[in-house]
Amino acid sequence: MRHTEVLVIGGGPAGLSATLEAASLGCGVTLVDGDLALGGQLIKQTHKFFGSKEERAGTRGFKISEILLEELENLKGRIKVHTNCTATGIYKEDGVVSCVIGEEKYFRIKPERIVMATGAQERLLPFPNNHLPGVYGAGAVQTLMNVYGVLPGKRVLMVGAGNIGLIVSYQMIQAGVEIAGIVEAMDKVGGYWVHAAKVRRLGVPIFLRHTIKEALGNRTVTGALIQEIDDRFQPVGEKKRVDADIICMAVGLTPTCELLWQAGCEMVYVPQLCGHVALRDSFMRTSLPDIWVAGDAAGIEEATAAMVEGRIAGLDAARSLGKGDKADLEKRLEELGRRLGDLRGGEVGQKICQGLACCSVQGWGV
Ligand SMILES: Cc1cc2nc3c(=O)[nH]c(=O)nc-3n(C[C@H](O)[C@H](O)[C@H](O)COP(=O)(O)OP(=O)(O)OC[C@H]3O[C@@H](n4cnc5c(N)ncnc54)[C@H](O)[C@@H]3O)c2cc1C
């Protein structure tokens, strides 16, 4: 049985930030990530990020990941990293976490504190033939193109005009893929205007108030039927055929929260945060005194917020182990809380704040 002071599960921006803070206060940290490389979603993001200067707005996503990894390197004496290593179970009886490296190696670890930073999963849509090869989630398409350098196909129908649908469409165009169109069920584009303007300028049609009805093809996708819908999402008019060899779905993400359920954290369904999330206090501590949550696993937001939440969780987990100077930590946590508030100041932030009101507690009285 292995032991660690802090176990961080997930090495995306939230988990990396939590690791850095806990280790910088002197904790021994074990970081596990199921992927082959650390960085989470960041390693696929070739575009420049929005957000605040402190959270590196204007820097490309994969560069932010490189910066965090350099900082990790400076603290490597205190951090054990396992990639290709999935935390598969957490056991209430003894607080032990089971981890699988690759397909064969297995170990058990008993952490004193855990930060869950497991990110998000893509949502998919049910429609006839959605099992055909050629139907992808947008995250898979990004991984193929931006991590492995493989084009997903030649002509793509994108479903969803939020930021992810718009950004991935633009990245495919840059890589030489034709976008047949973007289908969006709402009556306006959900993503930032700047991302929509980029694809519109390149002549990509955005079909508002439309949905996909069926994928066409026998062995692989050859096209799709799309249809207009009314404001109650009921079909109107004729179905239209769109020729495409790829259907790419960008219809939202939901927090990856299985381990939080398994651990026995109090959970609540919050639509504004896109799924079930753990109740937490302002330091990201869950209802279990030794478990913290951060990033998309705590509710779908952005990498900027994930990094700040990760820092808060890492600092507070270390503080609970008696590390750091009390007054100094209070000051830093207060400052990070202010930064989170600033990031949530805009129009999108209003929805997040409504969601947070449903899952935030004043404190756990511990
Ligand atoms: C196309 C696209 C564009 C985006 N653009 C922006 C942008 O411009 N600005 C911005 O701020 N944000 C952007 N985001 C959002 C941002 O990428 C995410 O909000 C952010 O990555 C969340 O960070 P995270 O650390 O919580 O999760 P992730 O980055 O998803 O990392 C989670 C990690 O946990 C690991 N993991 C999960 N379960 C386990 C387990 N059981 N055991 C071990 N490891 C596990 C995964 O392998 C993964 O590496 C974008 C996202 C997408 C998809």
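A brief report on the enclosed structure follows. (Residues numbered from 1 in each chain as written. Predicted model: local features only at pLDDT ≥ 70, side-chain atom pairs only at ≥ 80, totals over all residues. Heavy atoms only, no water.)

**Regarding the overall build of the protein chain**
Check the secondary structure of the protein chain and you find 9 helices and 19 strands. For 366 residues, the compact-globule estimate of 2.2 N^0.38 gives 21 Å, and the protein chain sits close to it at 21 Å. The principal-axis extent of the C-alpha atoms belonging to the protein chain is close to 65 × 45 × 35 Å. Looking at the 366 residues of the protein chain, the share that counts as buried comes to 49%. If you take every contact in the protein chain between residues at least 6 apart in sequence, the share linking residues at least 24 apart comes to 61%. A total accessible area of about 17,200 Å² is found for the protein chain, and carbon and sulfur atoms account for 51% of it. Charge separation in the protein chain, taken as the distance between the mean sites of 41 positive and 42 negative side-chain charges, equals 2 Å. (Helix = DSSP H or I, 4+ residues; strand = E, 2+ residues; numbered from the N terminus. Rg over C-alpha atoms; globule rule 2.2 N^0.38 Å. Buried < 20%, exposed > 50% of the residue type's maximum accessible area, 1.4 Å probe, protein only. Contact = heavy atoms within 4.5 Å. Areas by Shrake-Rupley, 256 points an atom, 1.4 Å probe, with all protein chains shown as cover. Lys, Arg positive; Asp, Glu negative; His and termini not counted. Charge placed at Lys NZ, Arg CZ, Asp CG, Glu CD.)

**With respect to the site of the ligand**
Surveying the vicinity of the ligand reveals 33 residues, the closest of which are Asp33, Gln41, Ala87, Asp296 and Ala303. Protein contacts shield 91% of the accessible area of the ligand, which totals 1,000 Å² for the unbound molecule. Where the shell around the ligand is concerned, the elements lending two or more residues are helix H1 (13–24), strand S4 (85–91), helix H4 (163–174) and helix H7 (303–320). Residues of the shell around the ligand, tallied by class, amount to 14 nonpolar, 14 polar and 5 charged. (Near = heavy atom within 4 Å. Nonpolar A, V, L, I, M, F, W, Y, C, P; charged D, E, K, R; others polar.)

**Digging into the sheet that holds strand S9 (residues 155–159)**
Reading across from one edge, S8-S15-S9-S10-S11 is the order of the 5 strands in this open sheet, with parallel pairing throughout. At either margin of the open sheet sits one strand with a lone partner, and together these are strand S8 (135–137) and strand S11 (206–208). Going across the sheet, the axis of each strand differs from the next one's by a mean of 20°, ignoring polarity. Note: S9 against strand S10 (residues 178–184), 5 bridges, orientation parallel. When the sheet's bridge partners are listed, Leu157 is paired in S10 with Gly181. Across the sheet, helix H3 (residues 138–147) is in contact with S8 and strand S15 (246–249); its angle to S8 comes to roughly 85°. (Pairing = 2+ DSSP bridges. Axes fitted to C-alpha atoms, helices over the stretch in contact; angles between N-to-C directions.)

**Some words on the environment of Gly58**
Counting through the fold element by element, Gly58 comes out in the loop between strand S2 (29–32) and helix H2 (61–74). A C-alpha to C-alpha distance of 35 Å links Gly58 and Ile101, two positions 43 residues apart in sequence. Leaving out residues up to four positions away in the same chain, Gly58 has contacts with Lys48 and Phe49.

**Notes on the nonpolar core**
Generally speaking, a soluble globular protein has its nonpolar side chains buried in company with each other. Counting residues in hydrophobic clusters, the biggest one holds 62 residues, and the most contacted among them are Ile9, Val97, Met116 and Leu260. Core analysis: the second largest hydrophobic core is formed by 20 residues, Ala138, Val156, Ala161 and Val168 among them. (Core = buried A, V, L, I, M, F, W, Y, C linked by side-chain atoms within 4.5 Å.)

**What about the pairing of strand S6 (residues 105–116)?**
Direction of pairing for strand S1 (residues 2–9) relative to S6: parallel, over a ladder of 7 bridges. Within S6, the residue paired with Val6 across the bridge is Arg113. The pairing of strand S5 (residues 96–101) with S6 spans 5 bridges and is classified as antiparallel. Each residue of the ladder has a partner; that of Ile101, found in S6, is Lys105. Hairpin remark: S5 followed by S6, antiparallel, with 3 residues in the connecting loop; positive phi at Gly102, about 60°. Pairing of S6 with strand S19 (residues 291–293) involves 3 bridges; the strand directions are parallel. In the strand pairing of S19, Val115 is matched with Trp292.

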